[in-house]
Amino acid sequence: MNQLLTKILSIKLPWFPLSVIAFFGIITVGDAYGVIPGIQDMINFLESLYQTFGLFGLFISSLLEGIAYFGLYFPGSVVVVLAVIVSDGTFLTFLGISSVVALALTCSSYISYRLGSVKLVQERLKTNSQYDRDSWFWFIFNHWHPNGLGLLYFKRGFNQEPLFPYLILTPAIMFFYGLFCCYLIFSLKEYAGSDQALLIFTILGLWFLVELYFKNIPNKKIPQRADN
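Residues numbered from 1 in each chain as written. Predicted model: local features only at pLDDT ≥ 70, side-chain atom pairs only at ≥ 80, totals over all residues. Heavy atoms only, no water.

A.B. asks: Teacher, can you tell me more about the packing of aromatic side chains here?
C.D. replies: The description of two aromatic rings rests on the distance between their centres and on the angle between their planes. According to the stated counting rule, one finds four aromatic pairs in the structure shown. Measuring from centroid to centroid gives 5.7 Å for Phe94 and Phe186, while their planes differ by 70°, and the two rings are edge-to-face. Pair noted here: Phe94 is in helix H5 (residues 91–117) and Phe186 is in helix H9 (residues 166–192), with a separation of 92 residues, a long-range link. Pair check on accessibility: Phe94 and Phe186 agree, each one buried. Taken together, a centroid distance of 5.1 Å and an interplanar angle of 65° make the contact between Phe139 and Tyr166 edge-to-face. (Phe/Tyr/Trp six-rings, centres within 6.5 Å; stacked < 30°, edge-to-face > 60°. Helix = DSSP H or I, 4+ residues; strand = E, 2+ residues; numbered from the N terminus. Buried < 20%, exposed > 50% of the residue type's maximum accessible area, 1.4 Å probe, protein only.)

Right, dumping it as structure tokens:
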């Protein structure tokens, strides 16, 4: 029993997705009691914002979230998710969203690399970068979230590692990954029906579980390059 308790207490929690879940939870409860506008009101607001600024607003949100450290405090992914939710679900729309996000994150990766090259906050990099592994697996995996991508390029800049061909591969990876995510999110929309709150909590829950797993994965299970 004590061993089980010790194991549970030793689990590292991914606080960023947890904080986003808590944020949406507060909104949901506040809406239920009529204290603050709810998730549906937020979706309506962001939908009007998206219709006004279109892909430019999406570009700015993705760019800001992809910059190392700054992105930890800017949940631009929520804007991307909502852009998919309020879209018409056509291939051309998903093509536009994926292309814009891929371009924005390529630009933010370059910015993060340059920030790292001036050797800022080394200790914080080591603290926050959970996916900082020297392998192609971890390079590709870091693309699953803008925060990991920003920290990856910051680390490469800090260590004066090559920027190319990695920066050329990033837009291609993000484009195809973005298309996959668009269809996944839109499929979840069909599952959730008209309940937008359920859809958002489902996506955030999946994000939390993936982060939880990789934050606690033993080092011995992480694949390394053959030359290490």
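Here the narrative resumes, following the displayed structure.
A.B. asks: Looking at this structure, how should I read helix H8 (residues 146–158)?
C.D. replies: Side chains that are three or four residues apart share a direction in an α-helix, a result of its 3.6 residues per turn. The end-to-end C-alpha distance of H8, which contains 13 residues, comes to 18 Å, matching closely the 18 Å that a straight helix rising 1.5 Å per residue would cover. Summarising burial for H8: 13 of the 13 residues are buried, a large majority. After H8 finishes, the residue Gln160 shows a positive phi value of roughly 55°. (Expected span 1.5 Å × (residues − 1).)

A.B. asks: Help me understand the nonpolar core, please; the structure alone is not making it clear to me.
C.D. replies: Nonpolar side chains tend toward joint burial in soluble globular proteins. Core analysis: the biggest nonpolar cluster contains 36 residues, and Leu58, Val84 and Tyr153 have the highest contact counts within it. Sort the elements by how many residues they give to this core and H9 lands first, with eight residues. In this view, Tyr153 contacts Ser109, Ser112, Tyr113, Phe139, Leu163, Tyr166, Leu167 and Thr170; residues no more than four positions away in its chain are not counted. (Core = buried A, V, L, I, M, F, W, Y, C linked by side-chain atoms within 4.5 Å. Contact = heavy atoms within 4.5 Å.)

A.B. asks: How should unusual backbone geometry be read in this particular structure?
C.D. replies: The general pattern is negative phi for most residues beyond glycine and trans for most peptide bonds. The residue after Phe164, namely Pro165, is reached through a cis peptide bond having omega 10°. Assignment of secondary structure puts Pro165 in the loop between H8 and H9.

A.B. asks: So what exactly am I meant to see when it comes to the state of the cysteines here?
C.D. replies: Each disulfide is one covalent bond, formed between the sulfur atoms of two cysteines. Considering all chains together, one arrives at zero disulfides under this definition. Not engaged in a disulfide, the cysteine Cys181 finds its nearest cysteine sulfur in Cys182; these two sulfurs lie 7.3 Å apart. (Disulfide = S-S within 2.5 Å.)

A.B. asks: Can you help me understand the environment of Trp15 in this one?
C.D. replies: Assignment of secondary structure puts Trp15 in helix H2 (residues 15–32). Each C-alpha atom, one on Trp15 and one on Leu212, is 9.4 Å from the other, the two residues being 197 residues apart in sequence.

A.B. asks: Quick question: what am I supposed to make of a nonpolar patch on the surface here?
C.D. replies: Together, Ile26, Val29, Tyr33, Val35 and Ile36 give the surface a local cluster of nonpolar side chains, amounting to about 550 Å² of exposed area. As for its position among the elements, Val29 is in helix H2. Residue Val29 is classed as partly exposed on the basis of its relative accessible area, which comes to 47%. (Patch = residues over 30% accessible without salt bridge, like charges linked within 9 Å, V, L, I, M, F, W, Y side chains within 5 Å. Areas by Shrake-Rupley, 256 points an atom, 1.4 Å probe, with all protein chains shown as cover. Salt bridge = Lys/Arg side-chain N within 4 Å of Asp/Glu carboxyl O.)

A.B. asks: Would you take a moment to explain the environment of Tyr153 for this structure?
C.D. replies: Checked against the element boundaries, Tyr153 lands in helix H8. By relative accessible area, which is 0% here, Tyr153 ends up buried.

A.B. asks: What's the story with the packing of H5 against H8 in this structure? I'm lost.
C.D. replies: Helices that pack against each other are described as a pair by the angle of their axes relative to one another and the distance between those axes. At a minimum axis distance of 6 Å, the contact between H5 and H8 shows a crossing angle of 40°. Between H5 and H8, the angle falls in the class oblique. You can see that H5 and H8 cross each other, and the crossing is right-handed. Contacts from Leu105, Ser109, Ser112, Tyr113, Leu115, Gly116 and Ser117 of H5 reach H8 at Pro146, Leu149, Gly150, Tyr153, Phe154, Arg156, Gly157 and Phe158. Partitioned by chemical class, the residues of the contact of H5 with H8 number eight nonpolar, six polar and one charged. (Axes fitted to C-alpha atoms, helices over the stretch in contact; angles between N-to-C directions. Parallel < 35°, antiparallel > 145°, perpendicular 65-115°, else oblique. Left-handed = near helix turned anticlockwise from the far one by under 90°. Nonpolar A, V, L, I, M, F, W, Y, C, P; charged D, E, K, R; others polar.)

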